[in-house]
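# Geometric and topological summary
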Amino acid sequence: MQKILIVEDEKAISGVLHSILSDELTEYEFVIAEDGLEGYKQVEKEDFALVISDIKMPKLSGTELLKQSLILKPETTFIMISGHADIDSAVSCLKEGAYDFISKPIDINRLITSVKNALAKETLKKENKNLQTENKTLKRKVSKKYQMIGTSPALQKIQDMIEKVAVSDARVLITGPNGAGKELVAHAIHNQSERARGPMIEVNCAAIPSELIESELFGHVKGSFTGAIKDKQGKFEQANGGTIFLDEIGDMSLIAQAKVLRALQESKVSPVGSDKEIKVDVRVIAATNKNMQKEIEEGKFREDLYHRLSVIEIYVPPLDDRKDDIKLLVEHFSGMIADEHGTAMKKFDDKAIDALKALSWTGNIRELRNVVERLIILGGNTVSADDVASFVRK
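Overview of the structure. Per chain, residue numbering runs from 1 following the sequence as it is written. Local features in a predicted model are, by the rule used here, given only for residues with pLDDT of at least 70; side-chain atom pairs are given and counted only at 80 or more, and totals for whole chains, interfaces and linings are based on all residues. Heavy atoms from the whole structure form the basis of all side-chain values; hydrogens and water molecules are not counted.

## As for the pattern of salt bridges
- A pairing counts as a salt bridge when a side-chain nitrogen of Lys or Arg comes within 4 Å of a carboxyl oxygen of Asp or Glu. Applying the stated rule across the entire model yields 26 salt bridges.
- Between Glu277 and Lys268 there is a salt bridge, with its nearest N and O atoms 3.7 Å apart.
- With a 1.4 Å probe rolled over the protein chains alone, any residue whose accessible area is under 20% of its type maximum counts as buried; one over 50% counts as exposed, and the rest are partly exposed. With a relative accessible area of 38%, Glu277 lands in the partly exposed category.
- The salt bridge involving Asp304 is made with Arg302; its shortest N-O contact spans 2.8 Å.
- Ionic contacts of the salt-bridge type, sharing partners, join the residues Arg262, Glu266, Lys268 and Glu277 into one network.

## A few points about the sheet that holds strand β13 (residues 283-288)
- Strands are treated as partners if at least two bridges between them are detected by DSSP. Secondary structure elements are taken from DSSP: a helix is a run of H or I of four residues or more, a strand is a run of E of two residues or more, and numbering for both begins at the N terminus. As summarised here, the arrangement of the 5 strands in space is β7-β10-β13-β6-β14, forming an open sheet in which the pairing is parallel. In this open sheet, the two strands that pair with only one neighbour each are β7 (200-204) and β14 (312-315). Within this sheet the neighbouring strands show an average axis-to-axis angle of 20°, counted without direction.
- Where strand β6 (residues 172-175) and β13 come together, 4 bridges link them in parallel fashion. Considered in β13, the bridge of Val172 is made with Ile285. The angle between two axes is taken between their N-to-C directions and runs from 0 to 180 degrees, where each axis is a line fitted to C-alpha atoms and a helix contributes only its stretch in contact.

## Digging into the sheet that holds strand β3 (residues 50-54)
- Strand order in the open sheet formed by 5 strands is β2-β1-β3-β4-β5, and the pairing between neighbours is parallel. Each end of this open sheet is capped by a strand with a single partner; those strands are β2 (29-33) and β5 (100-103). Sheet twist, expressed as the mean angle between neighbouring strand axes with direction ignored, is 20°.
- By the bridge criterion, 4 bridges tie strand β1 (residues 3-7) to β3 in an arrangement that is parallel. In the sheet register, Leu5 faces β3, and the bridge partner there is Val51.
- Any two residues having at least one pair of non-hydrogen atoms within 4.5 Å are treated as being in contact. Where helix α1 (residues 11-24) meets the sheet, its contacts fall on β1, β2, β3 and β4 (78-82), and the angle it forms with β2 comes to roughly 170°.

See below:
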């Protein structure tokens, strides 16, 4: 139960305040201090939702109590009361950080209103603080999710390229097999760029039906097609000021490719069913697991769009080409999985790591992550080579 501190040297007044406020605020516990010094000791000892303090008191004045308490606990909310009220006292207390100042004789309705408003403000402040903490935690989790783990020469080469590319607005095409970490590269480029404060909008081109891809990318107006019951903002517009990541770009239809090409050339998009042009400031990063030269030769991908997208091309190699990173990846995934499951982190002995290195990873890092989770669930307290042999089939 949250507590409210009443600091008042006149017992009759503190008794009345306690009686009235406890009836109004049944969810709070009240503590009474008979002078400023005792009040300060209470503030030292506990965190109060609100402190209601007289100004003129023995041992330590209310003004000094306010000053010293806010040095000790800056978030504490104070309402000051005085029978010697004047404008200077009020202004002085408010400048020092008091929420409100009420003169004696006390208007009870005014006091109750002020107390409730102060507590509502305090609750909102705590909710905002909790939200900020949650946001920081979430950002740390997101950052950890997209962290690039490893020290292999192949990964170091990619990280060097990211560092050089991120500072520009150049378009980047990321190639490599499924599960190798192309999405991580895209996030690293965005997070290290000047657009990091802006949005990063991801579009999985392979997951969207060809008849809906234009609407998804460029938006649509109400009534432009069956099911378009209201205007919809497209991904390019959502990404304005930031980055759009077109994953599996090789699976995009030729019609949509033509629209994307125009958007890249003119920095404008037109929603489906509209003649209106919307200017967008977007950096485009694309990724594919396909051989783009072969796709172009077979007429499945526009060569002009390919050249627009691949100002910089970054190849992400399969895990089989960077097996020296497996030990660090296993430790990283073990920590993440322990956090997700709320359990202690499991260790993998050296022979287990060697056994994992000996395997072929056709599913790449995504497959390794799944295998690590399986071994943590099914393996012993320390995951061994026998656990790998028992629970990983290749």
